[in-house]
Amino acid sequence: MRPVRVLVHLNNLALGGAQLNAVDIARTLRARGHDPVLFAQGVAGPAPLVEVAAGHGLEVVVAGGPDTPHREVRSRLGKLAAEHGTEVLHAWEVRAARNSFFGPGRLGRIPVVTTFYGIRMLRGLPRHQPLVLGLGALMGDGKAFGHHDVRLIEPPVNTGTDAPGVVDGAAFRRQHGVTEHELLLAIVTRLVPDLEKDAGAALTLEAVRLLDDPRIRLAVVGTGPSLDKLRAQAVSVNQELGREAVLVPGQLADPRPAYQAADLVLGMGGSALRGLAFAKPVIVHGAAGYTAVHEPGPLVEPHASRCMYGFGDGSRSPKALAGQIQQLLDDPGRRAELGGWGREWVVGRFSLESVTTAFEQLYLEVLEAPSGRARWWRDFEQMARYEYTKPTALRLFGR
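Since this is a predicted model, take the numbers as computed values, not measurements. (Residues numbered from 1 in each chain as written. Predicted model: local features only at pLDDT ≥ 70, side-chain atom pairs only at ≥ 80, totals over all residues. Heavy atoms only, no water.)

## Re helix 4 (residues 94-102)
Here comes step 1: With 8 of 9 residues buried, helix 4 lies mostly within the body of the structure.
Here comes step 2: Of all the positions in helix 4, only Val94, Ala96, Ala97, Arg98, Asn99, Ser100, Phe101 and Phe102 are classed as buried. (Buried < 20%, exposed > 50% of the residue type's maximum accessible area, 1.4 Å probe, protein only. Helix = DSSP H or I, 4+ residues; strand = E, 2+ residues; numbered from the N terminus.)

Here you go:
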(Lines give C-alpha, C1' and ligand atoms only; values in the text may rest on other atoms or scores of the structure.)
Protein backbone atom coordinates (compact mmCIF):
# COMPACT_ATOMS: atom_id res chain seq x y z
CA MET A 1 0.00 0.00 0.00
CA ARG A 2 1.33 3.44 -0.90
CA PRO A 3 1.97 5.93 1.95
CA VAL A 4 -0.97 8.17 2.85
CA ARG A 5 -0.81 11.60 4.50
CA VAL A 6 -3.68 11.50 6.98
CA LEU A 7 -4.72 14.30 9.34
CA VAL A 8 -6.30 12.83 12.49
CA HIS A 9 -8.68 15.21 14.29
CA LEU A 10 -9.02 13.96 17.87
CA ASN A 11 -12.25 14.39 19.80
CA ASN A 12 -10.44 15.88 22.82
CA LEU A 13 -7.22 15.52 24.83
CA ALA A 14 -8.50 13.42 27.73
CA LEU A 15 -7.26 9.87 28.29
CA GLY A 16 -10.48 8.37 26.99
CA GLY A 17 -10.97 5.24 24.95
CA ALA A 18 -11.59 6.86 21.54
CA GLN A 19 -8.62 9.21 21.90
CA LEU A 20 -6.27 6.39 22.90
CA ASN A 21 -7.60 4.31 20.01
CA ALA A 22 -6.84 7.17 17.61
CA VAL A 23 -3.28 7.53 18.92
CA ASP A 24 -2.65 3.76 18.74
CA ILE A 25 -3.91 3.60 15.16
CA ALA A 26 -1.86 6.66 14.16
CA ARG A 27 1.38 5.24 15.53
CA THR A 28 0.74 1.90 13.84
CA LEU A 29 0.07 3.72 10.56
CA ARG A 30 3.36 5.58 10.93
CA ALA A 31 5.21 2.33 11.59
CA ARG A 32 3.79 1.09 8.29
CA GLY A 33 5.20 4.07 6.39
CA HIS A 34 2.23 6.46 6.41
CA ASP A 35 2.39 10.10 7.51
CA PRO A 36 -0.20 10.81 10.23
CA VAL A 37 -0.42 14.13 12.07
CA LEU A 38 -2.75 14.70 15.03
CA PHE A 39 -4.87 17.76 15.77
CA ALA A 40 -7.09 18.71 18.70
CA GLN A 41 -8.73 21.71 20.31
CA GLY A 42 -7.14 22.75 23.59
CA VAL A 43 -8.62 22.02 26.99
CA ALA A 44 -8.67 23.77 30.36
CA GLY A 45 -5.99 22.24 32.55
CA PRO A 46 -3.64 19.32 31.80
CA ALA A 47 -3.71 17.58 28.43
CA PRO A 48 -2.20 14.15 29.20
CA LEU A 49 -2.90 12.77 25.75
CA VAL A 50 -0.24 15.11 24.33
CA GLU A 51 2.37 13.41 26.51
CA VAL A 52 1.10 9.96 25.59
CA ALA A 53 1.34 10.78 21.88
CA ALA A 54 4.80 12.30 22.34
CA GLY A 55 5.92 9.10 24.05
CA HIS A 56 5.13 7.33 20.78
CA GLY A 57 6.94 9.96 18.72
CA LEU A 58 3.70 11.56 17.51
CA GLU A 59 3.04 15.29 17.50
CA VAL A 60 -0.35 16.70 18.49
CA VAL A 61 -1.04 20.17 17.12
CA VAL A 62 -3.27 21.92 19.67
CA ALA A 63 -5.50 24.78 18.53
CA GLY A 64 -6.34 27.38 21.16
CA GLY A 65 -8.32 26.49 24.26
CA PRO A 66 -11.78 25.12 25.05
CA ASP A 67 -13.41 28.50 24.32
CA THR A 68 -11.65 29.15 21.03
CA PRO A 69 -14.32 29.93 18.38
CA HIS A 70 -15.06 27.14 15.94
CA ARG A 71 -14.16 29.39 13.03
CA GLU A 72 -10.63 29.88 14.36
CA VAL A 73 -10.19 26.16 15.15
CA ARG A 74 -11.26 25.30 11.61
CA SER A 75 -8.94 27.90 10.15
CA ARG A 76 -6.00 26.37 12.02
CA LEU A 77 -7.10 22.90 10.94
CA GLY A 78 -7.13 24.10 7.34
CA LYS A 79 -3.65 25.63 7.59
CA LEU A 80 -2.30 22.42 9.09
CA ALA A 81 -3.88 20.36 6.30
CA ALA A 82 -2.24 22.61 3.68
CA GLU A 83 1.17 22.50 5.36
CA HIS A 84 0.96 18.74 5.80
CA GLY A 85 -0.32 18.05 2.30
CA THR A 86 -3.18 16.07 3.83
CA GLU A 87 -4.84 13.54 1.54
CA VAL A 88 -7.43 12.16 4.00
CA LEU A 89 -9.06 13.75 7.05
CA HIS A 90 -9.90 11.27 9.80
CA ALA A 91 -12.39 12.84 12.22
CA TRP A 92 -13.02 11.21 15.57
CA GLU A 93 -16.53 11.85 16.94
CA VAL A 94 -19.09 14.58 16.24
CA ARG A 95 -17.32 17.91 16.78
CA ALA A 96 -14.27 16.78 14.84
CA ALA A 97 -16.54 15.66 11.99
CA ARG A 98 -18.18 19.10 11.84
CA ASN A 99 -14.86 20.91 12.01
CA SER A 100 -13.60 18.77 9.14
CA PHE A 101 -16.80 19.20 7.09
CA PHE A 102 -16.88 23.00 7.38
CA GLY A 103 -13.08 23.34 7.45
CA PRO A 104 -10.58 21.59 5.14
CA GLY A 105 -13.23 19.19 3.83
CA ARG A 106 -15.44 22.05 2.62
CA LEU A 107 -16.83 21.48 -0.86
CA GLY A 108 -15.29 18.01 -0.86
CA ARG A 109 -11.74 19.32 -1.32
CA ILE A 110 -10.29 16.68 1.01
CA PRO A 111 -12.12 13.38 1.67
CA VAL A 112 -13.28 12.88 5.25
CA VAL A 113 -13.67 9.63 7.17
CA THR A 114 -15.59 9.89 10.45
CA THR A 115 -15.25 7.41 13.31
CA PHE A 116 -17.93 7.31 15.99
CA TYR A 117 -17.33 4.96 18.90
CA GLY A 118 -20.29 6.04 21.04
CA ILE A 119 -22.99 3.68 22.28
CA ARG A 120 -25.96 5.67 20.96
CA MET A 121 -26.25 6.95 17.42
CA LEU A 122 -26.22 10.75 17.09
CA ARG A 123 -27.52 12.99 14.34
CA GLY A 124 -25.59 15.83 12.79
CA LEU A 125 -22.91 13.73 11.09
CA PRO A 126 -22.30 13.82 7.31
CA ARG A 127 -24.44 11.16 5.66
CA HIS A 128 -22.65 10.92 2.31
CA GLN A 129 -19.16 10.40 3.69
CA PRO A 130 -17.88 7.12 5.15
CA LEU A 131 -18.94 6.60 8.76
CA VAL A 132 -17.09 4.04 10.87
CA LEU A 133 -18.96 2.68 13.87
CA GLY A 134 -17.38 0.65 16.63
CA LEU A 135 -20.53 -1.16 17.73
CA GLY A 136 -22.30 -3.73 15.64
CA ALA A 137 -25.49 -2.93 17.57
CA LEU A 138 -25.52 0.54 15.95
CA MET A 139 -25.21 -0.51 12.33
CA GLY A 140 -28.97 -0.57 11.82
CA ASP A 141 -29.35 2.84 13.46
CA GLY A 142 -26.63 4.29 11.25
CA LYS A 143 -28.51 3.23 8.14
CA ALA A 144 -31.85 4.35 9.61
CA PHE A 145 -30.31 7.80 10.22
CA GLY A 146 -29.65 8.06 6.49
CA HIS A 147 -25.96 7.24 6.28
CA HIS A 148 -25.07 5.84 2.88
CA ASP A 149 -21.70 4.28 3.73
CA VAL A 150 -21.56 2.71 7.19
CA ARG A 151 -18.64 0.49 8.19
CA LEU A 152 -18.04 -1.60 11.30
CA ILE A 153 -14.49 -1.44 12.63
CA GLU A 154 -14.47 -2.46 16.27
CA PRO A 155 -12.23 -0.57 18.73
CA PRO A 156 -8.64 -1.84 18.75
CA VAL A 157 -6.57 -3.26 21.57
CA ASN A 158 -2.80 -3.20 21.36
CA THR A 159 -2.37 -6.82 22.34
CA GLY A 160 1.41 -6.45 22.12
CA THR A 161 1.81 -3.77 24.80
CA ASP A 162 -1.37 -4.75 26.67
CA ALA A 163 -0.30 -8.26 27.53
CA PRO A 164 0.59 -10.35 30.58
CA GLY A 165 4.07 -9.67 31.92
CA VAL A 166 4.86 -6.62 29.78
CA VAL A 167 4.75 -4.26 32.79
CA ASP A 168 5.39 -4.73 36.51
CA GLY A 169 2.15 -5.25 38.40
CA ALA A 170 3.96 -6.17 41.60
CA ALA A 171 5.38 -2.64 41.82
CA PHE A 172 1.86 -1.20 41.64
CA ARG A 173 0.75 -3.46 44.47
CA ARG A 174 3.77 -2.52 46.60
CA GLN A 175 3.25 1.17 45.95
CA HIS A 176 -0.32 0.98 47.21
CA GLY A 177 0.26 -1.46 50.03
CA VAL A 178 -1.59 -4.39 48.50
CA THR A 179 -0.10 -7.65 49.75
CA GLU A 180 0.27 -10.84 47.76
CA HIS A 181 -2.40 -12.46 49.94
CA GLU A 182 -4.99 -9.79 49.15
CA LEU A 183 -7.25 -9.87 46.11
CA LEU A 184 -7.10 -6.68 44.05
CA LEU A 185 -10.07 -5.41 42.06
CA ALA A 186 -9.16 -2.72 39.51
CA ILE A 187 -11.25 -0.16 37.65
CA VAL A 188 -9.51 2.07 35.10
CA THR A 189 -11.91 4.70 33.82
CA ARG A 190 -12.72 8.34 33.29
CA LEU A 191 -14.79 9.42 36.28
CA VAL A 192 -17.53 11.14 34.33
CA PRO A 193 -21.34 10.81 34.19
CA ASP A 194 -21.15 9.99 30.47
CA LEU A 195 -22.21 6.37 29.88
CA GLU A 196 -22.57 6.13 33.69
CA LYS A 197 -18.86 5.42 34.04
CA ASP A 198 -18.79 7.03 37.47
CA ALA A 199 -21.92 5.12 38.47
CA GLY A 200 -20.23 1.80 37.70
CA ALA A 201 -17.31 2.70 39.94
CA ALA A 202 -19.66 3.88 42.71
CA LEU A 203 -21.67 0.65 42.49
CA THR A 204 -18.48 -1.36 42.88
CA LEU A 205 -17.59 0.56 46.04
CA GLU A 206 -20.97 -0.35 47.47
CA ALA A 207 -20.43 -4.00 46.55
CA VAL A 208 -17.10 -3.93 48.44
CA ARG A 209 -18.89 -2.40 51.41
CA LEU A 210 -21.56 -5.10 51.27
CA LEU A 211 -19.05 -7.96 50.99
CA ASP A 212 -16.95 -6.73 53.94
CA ASP A 213 -14.29 -9.28 52.97
CA PRO A 214 -10.87 -8.50 54.52
CA ARG A 215 -9.13 -10.07 51.52
CA ILE A 216 -10.56 -7.55 49.05
CA ARG A 217 -8.89 -4.29 47.95
CA LEU A 218 -10.31 -2.06 45.22
CA ALA A 219 -8.27 0.46 43.19
CA VAL A 220 -10.12 3.01 41.05
CA VAL A 221 -7.65 4.58 38.61
CA GLY A 222 -8.76 7.67 36.72
CA THR A 223 -9.87 11.25 37.02
CA GLY A 224 -12.74 13.50 36.00
CA PRO A 225 -15.49 15.68 37.46
CA SER A 226 -16.75 12.84 39.68
CA LEU A 227 -13.37 12.20 41.32
CA ASP A 228 -14.02 14.15 44.54
CA LYS A 229 -17.43 12.55 45.00
CA LEU A 230 -15.98 9.07 44.55
CA ARG A 231 -13.14 9.79 46.97
CA ALA A 232 -15.66 10.90 49.58
CA GLN A 233 -17.55 7.63 49.05
CA ALA A 234 -14.27 5.71 49.43
CA VAL A 235 -13.61 7.43 52.76
CA SER A 236 -17.08 6.39 53.94
CA VAL A 237 -16.55 2.77 52.88
CA ASN A 238 -13.11 2.60 54.48
CA GLN A 239 -14.34 4.08 57.74
CA GLU A 240 -17.23 1.64 57.93
CA LEU A 241 -15.01 -1.37 57.18
CA GLY A 242 -12.24 -0.16 59.46
CA ARG A 243 -9.49 -0.54 56.87
CA GLU A 244 -8.29 0.93 53.58
CA ALA A 245 -10.39 -1.32 51.38
CA VAL A 246 -10.75 1.26 48.58
CA LEU A 247 -7.92 3.20 46.93
CA VAL A 248 -8.55 6.11 44.56
CA PRO A 249 -5.03 7.10 43.41
CA GLY A 250 -6.22 9.28 40.51
CA GLN A 251 -5.04 9.20 36.92
CA LEU A 252 -2.03 7.31 35.59
CA ALA A 253 -0.47 8.30 32.27
CA ASP A 254 0.23 4.58 31.82
CA PRO A 255 -2.42 2.52 33.62
CA ARG A 256 -1.07 -0.84 32.47
CA PRO A 257 0.52 -1.67 35.85
CA ALA A 258 -2.95 -1.47 37.42
CA TYR A 259 -4.30 -4.02 34.95
CA GLN A 260 -1.30 -6.29 35.46
CA ALA A 261 -1.60 -6.03 39.26
CA ALA A 262 -5.31 -6.89 39.36
CA ASP A 263 -6.89 -10.22 40.20
CA LEU A 264 -10.15 -8.99 38.69
CA VAL A 265 -10.90 -6.05 36.36
CA LEU A 266 -14.23 -4.22 36.24
CA GLY A 267 -15.27 -1.66 33.65
CA MET A 268 -16.66 -1.00 30.20
CA GLY A 269 -15.53 -0.24 26.67
CA GLY A 270 -11.83 -0.18 25.90
CA SER A 271 -10.93 -0.53 29.56
CA ALA A 272 -12.73 -3.88 29.79
CA LEU A 273 -11.04 -5.02 26.59
CA ARG A 274 -7.63 -4.07 27.97
CA GLY A 275 -8.37 -6.05 31.11
CA LEU A 276 -9.06 -9.09 28.93
CA ALA A 277 -5.85 -8.45 26.98
CA PHE A 278 -3.96 -8.74 30.28
CA ALA A 279 -5.61 -12.16 30.74
CA LYS A 280 -7.74 -10.98 33.66
CA PRO A 281 -11.32 -12.04 34.35
CA VAL A 282 -13.61 -9.08 33.66
CA ILE A 283 -16.96 -7.92 35.00
CA VAL A 284 -18.64 -5.58 32.51
CA HIS A 285 -20.28 -2.35 33.68
CA GLY A 286 -23.09 -0.59 31.88
CA ALA A 287 -26.11 1.66 32.26
CA ALA A 288 -28.85 1.43 34.90
CA GLY A 289 -26.80 -0.79 37.22
CA TYR A 290 -25.76 -3.37 34.64
CA THR A 291 -22.98 -5.78 35.61
CA ALA A 292 -22.12 -9.20 34.19
CA VAL A 293 -19.14 -11.52 34.07
CA HIS A 294 -17.70 -11.68 30.56
CA GLU A 295 -17.55 -15.41 29.91
CA PRO A 296 -18.27 -17.91 27.14
CA GLY A 297 -21.98 -18.09 26.47
CA PRO A 298 -24.92 -15.97 25.36
CA LEU A 299 -23.51 -12.65 26.60
CA VAL A 300 -20.37 -12.69 24.45
CA GLU A 301 -21.89 -11.24 21.29
CA PRO A 302 -24.12 -8.66 23.05
CA HIS A 303 -21.05 -7.43 24.94
CA ALA A 304 -18.96 -7.29 21.77
CA SER A 305 -21.64 -5.56 19.71
CA ARG A 306 -21.93 -2.82 22.36
CA CYS A 307 -18.17 -2.64 23.02
CA MET A 308 -18.32 -4.24 26.43
CA TYR A 309 -21.43 -2.47 27.69
CA GLY A 310 -24.89 -3.46 28.83
CA PHE A 311 -28.22 -2.13 30.06
CA GLY A 312 -29.56 -3.02 33.49
CA ASP A 313 -33.02 -3.00 34.99
CA GLY A 314 -32.49 0.25 36.89
CA SER A 315 -32.38 -1.32 40.35
CA ARG A 316 -28.72 -0.34 40.86
CA SER A 317 -28.47 -2.75 43.78
CA PRO A 318 -24.92 -3.85 44.66
CA LYS A 319 -26.09 -7.35 45.64
CA ALA A 320 -25.77 -8.91 42.19
CA LEU A 321 -22.34 -7.41 41.64
CA ALA A 322 -21.19 -8.50 45.11
CA GLY A 323 -22.20 -12.05 44.23
CA GLN A 324 -20.32 -11.95 40.93
CA ILE A 325 -17.19 -10.66 42.65
CA GLN A 326 -17.40 -13.22 45.44
CA GLN A 327 -17.78 -16.18 43.10
CA LEU A 328 -14.73 -15.20 41.07
CA LEU A 329 -12.53 -14.40 44.05
CA ASP A 330 -13.40 -17.71 45.70
CA ASP A 331 -12.43 -19.69 42.60
CA PRO A 332 -8.85 -19.02 41.40
CA GLY A 333 -9.15 -21.79 38.82
CA ARG A 334 -12.14 -20.09 37.26
CA ARG A 335 -10.30 -16.76 37.22
CA ALA A 336 -7.36 -18.33 35.40
CA GLU A 337 -9.69 -20.06 32.93
CA LEU A 338 -11.56 -16.86 32.11
CA GLY A 339 -8.32 -14.90 31.84
CA GLY A 340 -6.85 -17.28 29.28
CA TRP A 341 -10.07 -17.43 27.28
CA GLY A 342 -10.49 -13.64 27.35
CA ARG A 343 -6.97 -13.04 26.12
CA GLU A 344 -7.49 -15.36 23.15
CA TRP A 345 -10.85 -13.75 22.36
CA VAL A 346 -9.44 -10.21 22.29
CA VAL A 347 -6.40 -11.16 20.21
CA GLY A 348 -8.60 -12.88 17.67
CA ARG A 349 -11.16 -10.10 17.32
CA PHE A 350 -9.81 -6.70 18.42
CA SER A 351 -6.09 -6.64 17.64
CA LEU A 352 -4.62 -3.25 16.75
CA GLU A 353 -2.93 -4.67 13.65
CA SER A 354 -6.17 -5.89 12.05
CA VAL A 355 -8.05 -2.68 12.92
CA THR A 356 -5.29 -0.53 11.42
CA THR A 357 -5.39 -2.61 8.24
CA ALA A 358 -9.13 -1.98 7.97
CA PHE A 359 -8.56 1.79 8.19
CA GLU A 360 -5.73 1.60 5.63
CA GLN A 361 -8.09 -0.06 3.18
CA LEU A 362 -10.76 2.55 3.84
CA TYR A 363 -8.30 5.41 3.21
CA LEU A 364 -7.39 3.89 -0.15
CA GLU A 365 -11.05 3.54 -1.08
CA VAL A 366 -11.85 7.19 -0.39
CA LEU A 367 -8.74 8.30 -2.30
CA GLU A 368 -9.75 6.22 -5.30
CA ALA A 369 -13.39 7.36 -5.14
CA PRO A 370 -13.64 10.58 -3.08
CA SER A 371 -17.05 11.90 -2.06
CA GLY A 372 -16.50 15.12 -4.01
CA ARG A 373 -18.42 18.37 -4.21
CA ALA A 374 -21.81 16.89 -5.14
CA ARG A 375 -22.01 14.69 -2.04
CA TRP A 376 -20.76 17.53 0.15
CA TRP A 377 -23.66 19.71 -1.01
CA ARG A 378 -26.11 16.89 -0.29
CA ASP A 379 -24.95 16.97 3.31
CA PHE A 380 -24.81 20.75 3.60
CA GLU A 381 -28.45 21.40 4.52
CA GLN A 382 -28.46 18.83 7.31
CA MET A 383 -25.05 19.84 8.64
CA ALA A 384 -25.95 23.55 8.59
CA ARG A 385 -29.15 22.80 10.50
CA TYR A 386 -27.25 21.16 13.37
CA GLU A 387 -24.37 23.62 13.22
CA TYR A 388 -26.27 26.91 13.00
CA THR A 389 -30.08 26.69 12.96
CA LYS A 390 -30.62 24.42 15.98
CA PRO A 391 -28.16 26.24 18.33
CA THR A 392 -29.69 29.60 17.35
CA ALA A 393 -33.21 28.35 18.08
CA LEU A 394 -32.12 27.03 21.48
CA ARG A 395 -30.59 30.38 22.36
CA LEU A 396 -33.72 32.25 21.28
CA PHE A 397 -35.91 30.05 23.47
CA GLY A 398 -33.51 30.35 26.40
CA ARG A 399 -32.47 26.69 26.48
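## As for the packing of helix 3 (residues 70-84) against helix 4
Here comes step 1: Direction vectors running N to C along helix 3 and helix 4 enclose 70 degrees, while the axes themselves pass 9 Å from each other. Taken together, the axis directions place helix 3 and helix 4 in an arrangement best described as roughly perpendicular. Helix-helix and strand crossings are classified by hand; for helix 3 and helix 4 the assignment is right-handed. Between helix 3 and helix 4, the residues in contact are His70, Val73, Arg74 and Leu77 and Arg95, Arg98, Asn99, Ser100 and Phe102, respectively.
Here comes step 2: Here the contact of helix 3 with helix 4 is built from residues that sort into 3 nonpolar, 3 polar and 3 charged. (Axes fitted to C-alpha atoms, helices over the stretch in contact; angles between N-to-C directions. Parallel < 35°, antiparallel > 145°, perpendicular 65-115°, else oblique. Left-handed = near helix turned anticlockwise from the far one by under 90°. Contact = heavy atoms within 4.5 Å. Nonpolar A, V, L, I, M, F, W, Y, C, P; charged D, E, K, R; others polar.)

## Some words on the packing of helix 1 (residues 17-31) against helix 2 (residues 48-55)
Here comes step 1: For the pair helix 1 and helix 2, interaxial distance at closest approach is 10 Å and the crossing angle is 20 degrees. Taken together, the axis directions place helix 1 and helix 2 in an arrangement best described as roughly parallel. Crossing hand, helix 1 versus helix 2: right-handed. Residue-level inspection shows Gln19, Leu20 and Val23 of helix 1 in contact with helix 2, the latter providing Leu49, Val52 and Ala53.

## Some details on the pairing of strand 4 (residues 88-92)
Here comes step 1: Burial runs high along strand 4: 5 of the 5 residues are buried.
Here comes step 2: Across the two faces of strand 4 the burial is the same, with Val88, His90 and Trp92 and Leu89 and Ala91 all buried.
Here comes step 3: As judged from the 4 bridges shared by strand 1 (residues 5-9) and strand 4, these two strands associate in the parallel manner. Bridge assignment links Val8 to a residue of strand 4, and that residue is His90.
Here comes step 4: Relative to strand 5 (residues 112-116), strand 4 runs parallel, the two sharing 4 bridges. By the bridge assignment, Leu89 is partnered in strand 5 with Val112.
Here comes step 5: For the crossover from strand 4 across helix 4 to strand 5, the handedness is right-handed. (Pairing = 2+ DSSP bridges. Right-handed = clockwise from strand over helix to strand, strands pointing away.)

Everything listed here is a matter of geometry and, on its own, says nothing about what the molecule does.
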